[in-house]
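Working through the structure, step by step
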Amino acid sequence: MSDSQNGQRYFFEDASAAADPISGESPKKLKYFAGGQWKESATDTYMPCYNPSTGAVIAMAPQCSSEEVEEAVAAAVEAFPAWSTTPVSKRAQVLFRMKALLDEHLEELTVLLATEMGKKYDEAMGDVLKVTEVVEFACGAPHLMKGESLMQASTGYDTVLYREPIGVFAGIPPWNFPAMIPHGWMTPICVATGNCMVLKAASFVPQSAMRILELWQEAGIPDGVINLVTAGRDQAELLLRHPDIKGITFVGSTKVGLHIYSTASAHGKRVQALCEAKNHALVMKDCKLERTALGIINAFTGCAGERCMALPTIVVEEDIADDLVALLKKHASAINLGRAWEKETGMGPVVNAGHKEFVLNWIETAIAEGAELVLDGREPQVPEGCEDGFFVGPTIFDKVTEDMSCGREEIFGPVLCVKRVKDFEEGLAIMNNSRFANGSVIYTQNGYFARHFAHRTHGGMVGINVGIPVPLGIFGFTGHKQSFFGDLHVMGKDGFAFFTESKVVTQTWFPESEEELGSCKVDTWDGTITSLPSDK
């Protein structure tokens, strides 16, 4: 931390707080951030934040009041005039310093994220590295914000298009990527383009977002440019309707995303709402079977299945289905569960007790619907000290049919549904029948099928032998159907378009000579039509 922060941190130790019965330690009491200051909330309501590997309460997040959310918005509004007129190259210098700080604190951030959310070590590191990736991309703002121009657009007239910042945006991230989404997808391009941000961090897992915000401070982001609160649904609703909020960037459930999209857009705001998914992979009989099985294992157990680009469903040609399911069971059974921050752990827990129950209920639903349970993860073995953690083991269902909800709806856990088909056409039809269209994958060695799949699949992000086809930050995250509501996606060129608006300036200059000026005529279009009959 820099001296300029005067020892301010995102938390304080509450001497009156009772020790957690599992860890024996008192939870941290977290703050909110407005106008460059970490502040203790006046609320009486705090939400417990758990270490999902052990079940211990490690922090208490304030449910900030509407007045505190208003304070964060007001701080952003106040900061906008100066920040928006700061030369873009100087704004980029802050991002260059931020990239260096992220590199310096990578190990610390990795362990913090693994501890509060439950991603295993390398997955948690990837979450942080995805922040760095987009910060690096946003450093190119001086180039990416350049507009367009044309001299002599019509006779004597020149036209220039500028891209300008818009104002204050609100970011509403989910709990499953505590670093990448708030500080990768939402913040870097927003501030690089000259806007200000109010983050409503996920109350389950706010510490990664808070710690990274401390690094933004250290990088030199001016007071009020980024603000952060943890709050409930009513306060989020305030952001959707607030006259000073110009746009909303959201990631979460389809039901909430549709509400945010309709409400905020009805109040004249820009909206990008990234929502649920039920990604499918079509597995052809010519695939490299062992490598395909390993790719599927990674895609459905990675991050304990808690990602919208997970692979919870595969559509397999009958000829290889028995062999593939046997391989999947073999490899999934060998995954060791344990403390998320330990490097040898094969899979971490899910985020909290409520979500564990949600996933277990889906397993019960699949059984009741008649799916064949191949591997049961309801009572997994865990190391000593993790008995109270929120673990669900890898679970596999075979012979899932289209009338089963387990194969259609998002489970968001380490649960794989296997659907059997006779050929490519039947498999593709099943995949395209989904109401979601985030990612879609094909495993094949056949270029003809790969090409037709890429062209005809409804999925917005397509993997050819790639189980998690998440694009790099230089491209957009392009979900479709009920996986996305809006017009401009996060990251890539879409990201810069979302956070800026166009201004087109057309100009002409009059001659100094009154004689020449007197002979000029002004037509209805004032010179901006280039194809008058007299010109032909």
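Above this note sits the structure.
Described in the following lines is the structure provided in the data block. (Residues numbered from 1 in each chain as written. Predicted model: local features only at pLDDT ≥ 70, side-chain atom pairs only at ≥ 80, totals over all residues. Heavy atoms only, no water.)

On a plain count of helices and strands, the chain comes out with 16 helices and 24 strands. Out of the 536 residues in the chain, the part that is buried amounts to 56%. In the form shown here, the chain has an accessible surface area of approximately 22700 Å², with 53% of it arising from carbon and sulfur atoms. Averaging the positions of the 46 positive and the 69 negative side-chain charges in the chain gives two centres separated by 4 Å. (Helix = DSSP H or I, 4+ residues; strand = E, 2+ residues; numbered from the N terminus. Buried < 20%, exposed > 50% of the residue type's maximum accessible area, 1.4 Å probe, protein only. Areas by Shrake-Rupley, 256 points an atom, 1.4 Å probe, with all protein chains shown as cover. Lys, Arg positive; Asp, Glu negative; His and termini not counted. Charge placed at Lys NZ, Arg CZ, Asp CG, Glu CD.)

With that settled, consider the environment of Pro 174. Mapping Pro 174 onto the fold places it in the loop between strand S9 (168-172) and helix H6 (180-192). Under the relative-accessibility criterion, Pro 174 is labelled buried at 13%. Between the C-alpha atoms of Pro 174 and Thr 506, which are 332 residues apart in sequence, the distance is 43 Å. Apart from residues lying up to four places away in sequence, Pro 174 is in contact with Ile 181, Ala 202 and Val 251. (Contact = heavy atoms within 4.5 Å.)

What follows concerns the packing of aromatic side chains. The description of an aromatic ring pair uses the distance of the two centres, along with the angle that the planes make with each other. Tallied over the entire structure, the rule returns 13 aromatic pairs. Consider the rings of Phe 33 and Trp 38, whose centres lie 4.6 Å apart with planes at 45°: the pair is tilted. Trp 38 shares its class with Phe 33; the two are buried. Among the aromatic residues, those joined into a cluster by ring pairs are Tyr 10, Phe 11, Phe 33 and Trp 38. (Phe/Tyr/Trp six-rings, centres within 6.5 Å; stacked < 30°, edge-to-face > 60°.)

Now for the side chain of Ser 483. By the secondary structure assignment, Ser 483 is in the loop between strand S22 (480-481) and strand S23 (484-486). Of the polar contacts made by the side chain of Ser 483, one reaches the backbone nitrogen of Ala 437; its length is 3.1 Å. Other than its neighbours up to four places away in sequence, Ser 483 contacts Ala 273, Leu 274, Cys 275, Glu 276, Ala 277, Phe 436, Ala 437 and Asn 438. (Polar contact = N/O pair within 3.5 Å; in protein donor to acceptor, adjacent residues only side chain to side chain.)

Right, let's talk about the state of the cysteines for a bit. All told, the structure shown has zero disulfides when counted by the stated rule. Not part of a disulfide, Cys 303 finds its nearest cysteine sulfur in Cys 308, a span of 10 Å. The exposure class of Cys 303 is buried, given its relative accessible area of 6%. (Disulfide = S-S within 2.5 Å.)

Our focus in this paragraph is the sheet that holds strand S5 (residues 46-51). If you trace the four strands from one edge of the open sheet to the other, you get S1-S2-S6-S5, paired in mixed fashion. Both outer strands of the open sheet, strand S1 (11-13) and S5, are each paired with one neighbouring strand and no more. On average, adjacent strands in this sheet sit at an angle of 30° to one another, irrespective of strand direction. As defined by bridge partners, S1 adjoins strand S2 (residues 28-30) across three bridges and the pair is classed as antiparallel. Looking at the pairing, Phe 12 lines up with Lys 29 of S2. (Pairing = 2+ DSSP bridges. Axes fitted to C-alpha atoms, helices over the stretch in contact; angles between N-to-C directions.)

Quick look at the nonpolar core now. Residues Trp 185, Trp 216, Ile 296 and Ile 314 are the most contacted members of the largest nonpolar core, which totals 138 residues. Per-element tally for this core: the top contributor is H6, with eight residues. When sequence neighbours within four positions are dropped, the list of residues in contact with Ile 314 reads Ala 281, Val 283, Ile 296, Leu 324, Leu 328, Leu 416, Cys 417, Val 418 and Lys 419. Val 359, Phe 397, Val 415 and Cys 417 belong to the second largest nonpolar core, which has 13 residues in total. (Core = buried A, V, L, I, M, F, W, Y, C linked by side-chain atoms within 4.5 Å.)

Taken as a whole and assessed by the stated rule, the structure comprises 24 salt bridges. With a closest N to O distance of 3.2 Å, Lys 99 and Glu 136 form a salt bridge. In this pair, Lys 99 is assigned in helix H2 (residues 88-104) and Glu 136 in helix H4 (residues 121-138), connecting sequence segments 37 residues apart. Overall, Glu 136 belongs to the partly exposed group, its relative accessible area being 41%. Close ionic contact of Glu 409 with Arg 435 constitutes a salt bridge, the shortest N to O distance being 2.7 Å. Of this pair, Glu 409 sits in the loop between strand S17 (395-398) and strand S18 (415-421) while Arg 435 sits in the loop between helix H13 (424-432) and strand S19 (436-437); the two residues are 26 residues apart in sequence, bridging distant segments of the chain. Residues joined in a network through salt bridges with shared partners are Arg 9, Glu 108, Arg 211 and Glu 214. (Salt bridge = Lys/Arg side-chain N within 4 Å of Asp/Glu carboxyl O.)

With five of its five residues buried, strand S15 (residues 313-317) lies for the most part within the structure. Alternating positions in S15 separate into two faces, Thr 313, Val 315 and Glu 317 on one and Ile 314 and Val 316 on the other, with burial throughout. The pairing of strand S14 (residues 280-283) with S15 spans four bridges and is parallel. Bridge assignment links Leu 282 to a residue of S15, and that residue is Val 315. Read as a crossover between parallel neighbours, the route from S14 over helix H10 (residues 289-301) to S15 is right-handed. (Right-handed = clockwise from strand over helix to strand, strands pointing away.)

Remark: H6 packs on helix H7 (residues 207-219), axes separated minimally by 11 Å, with the N-to-C direction vectors making an angle of 30°. Between H6 and H7, the interaxial angle falls into the category roughly parallel. Once H6 is placed against H7, the crossing between them reads as right-handed. Between H6 and H7, the residues in contact are Pro 182, His 183, Thr 187, Pro 188 and Val 191 and Ala 209, Ile 212, Leu 213 and Trp 216, respectively. (Parallel < 35°, antiparallel > 145°, perpendicular 65-115°, else oblique. Left-handed = near helix turned anticlockwise from the far one by under 90°.)

Let us look at the environment of Leu 238. Counting through the fold element by element, Leu 238 comes out in helix H8 (residues 233-241). Taking the C-alpha atoms as reference, Leu 238 lies 51 Å from Leu 289; in sequence the two are 51 residues apart.

Turning to helix H11 (residues 318-333), a few remarks are in order. In this model, H11 (16 residues) spans 23 Å end to end at C-alpha, consistent with the 22 Å of a helix rising 1.5 Å per residue. Those residues of H11 that fall on the buried side of the exposure criterion are Ile 320, Ala 321, Leu 324, Val 325, Leu 327, Leu 328, His 331 and Ala 332. On the buried face of H11, the contacting elements are S14, H10, S15, strand S16 (372-375), S17 and S18. (Expected span 1.5 Å × (residues − 1).)

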